[in-house]
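# Fold and geometry: a report
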Amino acid sequence: MTAGELKFALQLESQLNHIPQPEYRQLMVEALMVLSIVADCDPCQSLGGFLNMDEILQNANLAFLHEQLAENGDATQCCCGNSNIATGVCGAAHGLCIHFYDCAPSGRYGTMSYLSRAVLQQCRKAPRNRTNLANGDGPPECVVN
């Protein structure tokens, strides 16, 4: 199944519908949008094996909390007070900070900024294997699980 097929889109939508919290589902959609943009720009051809989107969202949340701590932002009231970063303290869905959910998508401190950093961080971890395209085999098959 390739990313351009209707079957892929339906499978992806089905997986997203299994996420009960709408705020977390929205962040997941935003992360997938960032991932598709990164894939289009091709900074790393292969992200290697399976991609844990929950891990990407957790890393974006941690980046948010580090900046909140440095800027003495609102999240210092719950998830990063007393110079400690503790995820899930405020009780928001999937252990992310409630203030991360409340961020606007765009801008310097927007969720897309943190998600972009987390996706690119995942790219840096990926193996740099481009042999399938060099051999003319085309892009690898996409699997939504």
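Heads up: the structure comes first, above all this text.
In every chain, residue numbers begin from 1 and rise along the written sequence. Selection of residues for local features in this predicted model requires a pLDDT of at least 70, selection of side-chain atom pairs for listing and counting requires 80 or more, and totals for whole chains, interfaces and linings are taken over all residues. Each side-chain value is worked out from all heavy atoms of the structure, with water and hydrogens disregarded.

## Considerations on the overall build of the protein chain
Rules: A run of DSSP states H or I qualifies as a helix once it reaches four residues; a run of E qualifies as a strand once it reaches two. Both are numbered from the N-terminal end. Note on classification: 1.4 Å probe, protein chains only; a residue is buried when its accessible area is under 20% of the maximum for its type, exposed when over 50%, partly exposed between these limits. Contacts are assigned to residue pairs with any non-hydrogen atoms lying within 4.5 Å of each other. Surface accessibility in these figures is a Shrake-Rupley result with a 1.4 Å probe; residues are shielded only by whichever protein chains are displayed.
In terms of helices and strands, the protein chain carries six helices and zero strands. Counting only residues that meet the buried cut, the protein chain has 32% of its 145 residues in that class. Considering only intrachain contacts with a sequence separation of at least 6, the fraction spanning at least 24 residues in the protein chain is 59%. Only carbon and sulfur atoms are counted for the fraction: they give 52% of the accessible area of the protein chain, which is about 8500 Å².

## Points about the pattern of salt bridges
Charged atoms that come close allow side chains of opposite charge to pair. Note the threshold: Basic side-chain nitrogens of Lys or Arg form a salt bridge, by our definition, when they fall within 4 Å of a carboxyl oxygen of Asp or Glu.
Considering all chains together, one arrives at two salt bridges under this definition. Across the pair R108 and E67 runs a salt bridge, and its minimum N-O distance is 3.3 Å. Of the two residues, R108 is situated in the loop between α4 (98-101) and α5 (111-125) and E67 in helix α3 (residues 53-71); the sequence distance between them amounts to 41 residues. Judged by its relative accessible area of 15%, E67 falls in the buried class. The salt bridge involving E67 is made with R117; its shortest N-O contact spans 2.9 Å. Taken together, the residues span a long stretch of sequence, with E67 in helix α3 and R117 in helix α5 at a distance of 50 residues.

## Topic: the packing of aromatic side chains
The relative placement of two aromatic rings is captured by the distance of their centres and the angle of their planes. Operational definition: Only the six-membered ring of Trp is used, alongside the rings of Phe and Tyr, when aromatic pairs are assigned; centres must lie within 6.5 Å, and planes under 30 degrees apart are stacked while those over 60 apart are edge-to-face, with the rest tilted. By the criterion adopted, a ring carries a charge over it if an Arg CZ or a Lys NZ lies within 6 Å of its centre and within 35 degrees of its normal.
What the rule picks out here adds up to three aromatic pairs. Where F64 meets Y114, the ring centres are 5.5 Å apart and the plane angle is 85 degrees; that geometry is what we call edge-to-face. Taken as a pair, F64 in helix α3 and Y114 in helix α5 lie far apart in primary sequence, 50 residues in all. You'll find F64 and Y114 in the same group, each marked buried. Pairwise contacts between aromatic rings join F64, F100 and Y114 into one cluster. Over the ring of Y109 we find R108, and its NZ or CZ is 4.8 Å from the ring centre.

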